[in-house]
Amino acid sequence: MATDSVPDRDVEKNSGPVSEEFEGGNLKDNVTATVLVSSAPERKLVWKQDKRIVPLAAGIYFLCYLDRSNIGNAKVLNSSTGNDMQTETGTTNDQFNICLMVFLIGYFLFEVPSNILLKKLRPSRWLAFLMLSWGAVTIGLGGVHNFAQMTGVRFLLGVVEAGLFPGLVYYLTFWYKTDERSVRVAFILASATLAGAFGGAIAYGIGHMNQTRGLSAWRWLFMLEGIPSCLSAILVWFFLPDYPERASWLSEAEKDLAAQRLYHEGAKGSAASMTWADVKATLVDLRLYAHYAIYFAVSLPFSSISLFAPSIVSGLGYRDLEAQLFTVPPWAVAYVLQIIVAWSGDHFNARAYHCAGAAAVGAAGFLASAVLPADAYGSRYGCLIVGTAGAFASIPPMLGWLTSNMWSTASIGLAVALNVSIGAGLGQMPGVWIYKADEASRGYPTGHGVNAAMLFFVTFGALGLRYFYGRKNRALKSAAAEGVSPRLYKL
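Described below are features of the structure shown in this document. (Residues numbered from 1 in each chain as written. Predicted model: local features only at pLDDT ≥ 70, side-chain atom pairs only at ≥ 80, totals over all residues. Heavy atoms only, no water.)

The next point concerns the overall build of the protein chain. When helices and strands are counted, the protein chain shows 19 helices and zero strands. In terms of C-alpha radius of gyration, the protein chain reaches 23 Å, essentially the compact-globule figure of 23 Å for 491 residues. Considering only C-alpha atoms, the protein chain reaches an extent of 75 × 45 × 40 Å along its principal axes. Here the protein chain holds 491 residues, and the buried ones make up 59% of them. Contacts in the protein chain between residues at least 24 apart in sequence constitute 82% of all its contacts with a sequence separation of at least 6. (Helix = DSSP H or I, 4+ residues; strand = E, 2+ residues; numbered from the N terminus. Rg over C-alpha atoms; globule rule 2.2 N^0.38 Å. Buried < 20%, exposed > 50% of the residue type's maximum accessible area, 1.4 Å probe, protein only. Contact = heavy atoms within 4.5 Å.)

Right, here's the structure in full:
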């Protein structure tokens, strides 16, 4: 049975007391009541949404990540015969790293504009356009012959992929409450670990196509992995739902329920466009910079492992196609751990502790790998699995925590874009340089050591931010009128 319909208006810009909670003076400290809904219809609605949204969103990011990270596979694919990407394009190690970094410059510059366009143009249309674009650019990467061409094409790839991940995180806020988001973000982000696992397996298979029709296997890798993105853009255009109020597959009662349950805790498709006041309020909210800082730190292991996993595994005594195959287990373990940590963090309202705990596990894995002897291949491979799993598992609760503590459509979109722009854009740039080619014989101690340090920073940063929110919540409870439940920060 659906509850009464929420009026069809922009609740965030309304002049009543509810809008004050969202917009008045950044409204972090105001007191509101909780919207109650029947649990059985709500569970049915959430499951109905999940079936439509989560597999499609995860599939989109799977293809995005596959097309982004396959350059790491291409770098070493068939290197023993001189048919790898780096050899055939005549690039030095530094030039190859510059190509990787240029991608991140495009990524950093276009994330915020992309989230603004997603709201203006509808999610299905904008995400489909991005998908078609990055698929075409990936195919084009299979035709490069020198450093200049590689650099230009990788920059374009960064531009068109920039809006995808922050866009998907923002998109989830139109459909899910705060305690439902982390696990959905985890399923999407876990598709990146799945792409890492499949990417190695796919590269292993395509590696046997070397010199088919006169083309090296790395060229086939880019072309064959870009085509599915182009074709899938058609599915996204027609089948990705935009907002609950526009979903033809929801009954009127379900639309009413969707609107009511997100009245305080979600973004709204009907919300007005972002204003300069929204921008200013978000930019001067200093607590957000603590979120940005820990996401910046976790982005180093995220990017470096994504790009250099095949090279790291090659340094463990595995070569060529075998190295591609042995990149699979770290990603597979990370996939499972991400889902478990994200679900638990939401369920117990303990995102900070789960983020910090996972980061600490990852830091221990990388630290051990940095100090172990270079020839301790088995132990260092085990540490790589632990480090990768811990680092990636800390990200979903981190992102869910941020969106849970933003209370208007405009602020959510901008804060998520800034978070991923500063973190995944600027934060990933140092990750391109920390795994030095001349340290391969010594087991990449610099790369592993830097990743360990960054994850320890995430651990203590998350705990410090949790302490801050705990104090704010105690102050809100003390200031609340008797019989009124204050809206508290999520922990």
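Our focus in this paragraph is the environment of Val-432. Take Val-432: it is sitting in the loop between helix H18 (409-431) and helix H19 (445-479). A relative accessible area of 0% places Val-432 in the buried class. Between the C-alpha atoms of Val-432 and Ser-306, which are 126 residues apart in sequence, the distance is 9.9 Å. Among residues more than four places away in sequence, those in contact with Val-432 are Asn-97, Leu-100, Met-101, Leu-104, Leu-307 and Phe-308.

Within the secondary structure layout, Pro-396 lies in helix H17 (residues 395-404). Note: C-alpha distance between Pro-396 and Trp-343 (53 residues apart in sequence) is 9.3 Å. Setting aside its immediate chain neighbours within four residues, Pro-396 contacts Ser-182, Val-185, Ala-186, Leu-189, Gln-338 and Ala-342.

Turning our attention to the pattern of salt bridges. Scanning all chains against the criterion turns up eleven salt bridges. Note that Arg-184 is salt-bridged to Asp-50, the shortest N-O span being 2.7 Å. One end of the pair, Arg-184, is in helix H8 (residues 178-206); the other, Asp-50, is in helix H2 (residues 39-76), and 134 residues separate them in sequence. Accessibility classification places Arg-184 together with Asp-50 in one group, the buried group. The partner of Arg-351 in a salt bridge is Asp-346, with the nearest N and O atoms 2.9 Å apart. (Salt bridge = Lys/Arg side-chain N within 4 Å of Asp/Glu carboxyl O.)

This brings us to the side chain of Asn-115. Position of Asn-115 among the secondary structure elements: in helix H4 (residues 93-121). Judged by its relative accessible area of 3%, Asn-115 is buried. From its side chain, Asn-115 meets the backbone oxygen of Gly-413 in a polar contact 3.0 Å long. (Polar contact = N/O pair within 3.5 Å; in protein donor to acceptor, adjacent residues only side chain to side chain.)

If you look at the biggest cluster of nonpolar residues, it comprises 131 residues, and the most contacted ones within it are Tyr-61, Met-85, Trp-134, Phe-165, Trp-175 and Tyr-295. The biggest single contributor to this core is H2, with 14 residues. (Core = buried A, V, L, I, M, F, W, Y, C linked by side-chain atoms within 4.5 Å.)

So, on to a nonpolar patch on the surface. Together, Tyr-353, Leu-367, Val-371, Phe-456, Phe-460 and Leu-463 make up a nonpolar patch on the protein surface, roughly 600 Å² of accessible area in all. Mapped onto the nonpolar patch, the elements with two or more residues apiece are helix H15 (351-371) and H19. Locating Tyr-353 in the fold gives a position in helix H15. (Patch = residues over 30% accessible without salt bridge, like charges linked within 9 Å, V, L, I, M, F, W, Y side chains within 5 Å. Areas by Shrake-Rupley, 256 points an atom, 1.4 Å probe, with all protein chains shown as cover.)

A word on helix H10 (residues 252-261). Residues of H10 that are buried include every one of Glu-254, Lys-255, Leu-257, Ala-258, Gln-260 and Arg-261, and no others. The inward-facing, buried residues of H10 abut H2 and H8.

This part takes up the packing of aromatic side chains. The final tally for this structure, using the stated rule, is 20 aromatic pairs. Centre to centre, the rings of Trp-401 and Tyr-469 are 5.7 Å apart; their planes meet at 65°, and the pair counts as edge-to-face. Residue Trp-401 is found in helix H17, and its partner Tyr-469 is found in helix H19; the two are separated by 68 residues along the sequence. Here Trp-401 matches Tyr-469 in class, with each residue buried. The structure contains a cluster of three or more aromatic residues connected by ring pairs, namely Tyr-61, Tyr-65, Phe-165, Phe-302, Trp-331 and Phe-392. (Phe/Tyr/Trp six-rings, centres within 6.5 Å; stacked < 30°, edge-to-face > 60°.)

As a packed pair, H2 and helix H9 (residues 217-239) sit with axes 10 Å apart at the nearest point and diverge in direction by 165°. Judged on the interaxial angle alone, H9 and H2 are roughly antiparallel. Helix-helix and strand crossings are classified by hand; for H2 and H9 the assignment is left-handed. Every residue of H9 that contacts H2 at Leu-56, Ile-60, Leu-63, Leu-66, Asp-67, Asn-70, Ile-71, Asn-73 and Ala-74 is listed here: Trp-218, Leu-221, Phe-222, Glu-225, Gly-226, Pro-228, Ser-229, Ser-232, Val-236 and Phe-239. Of the residues that constitute the contact of H2 with H9, the class distribution is twelve nonpolar, five polar and two charged. (Axes fitted to C-alpha atoms, helices over the stretch in contact; angles between N-to-C directions. Parallel < 35°, antiparallel > 145°, perpendicular 65-115°, else oblique. Left-handed = near helix turned anticlockwise from the far one by under 90°. Nonpolar A, V, L, I, M, F, W, Y, C, P; charged D, E, K, R; others polar.)

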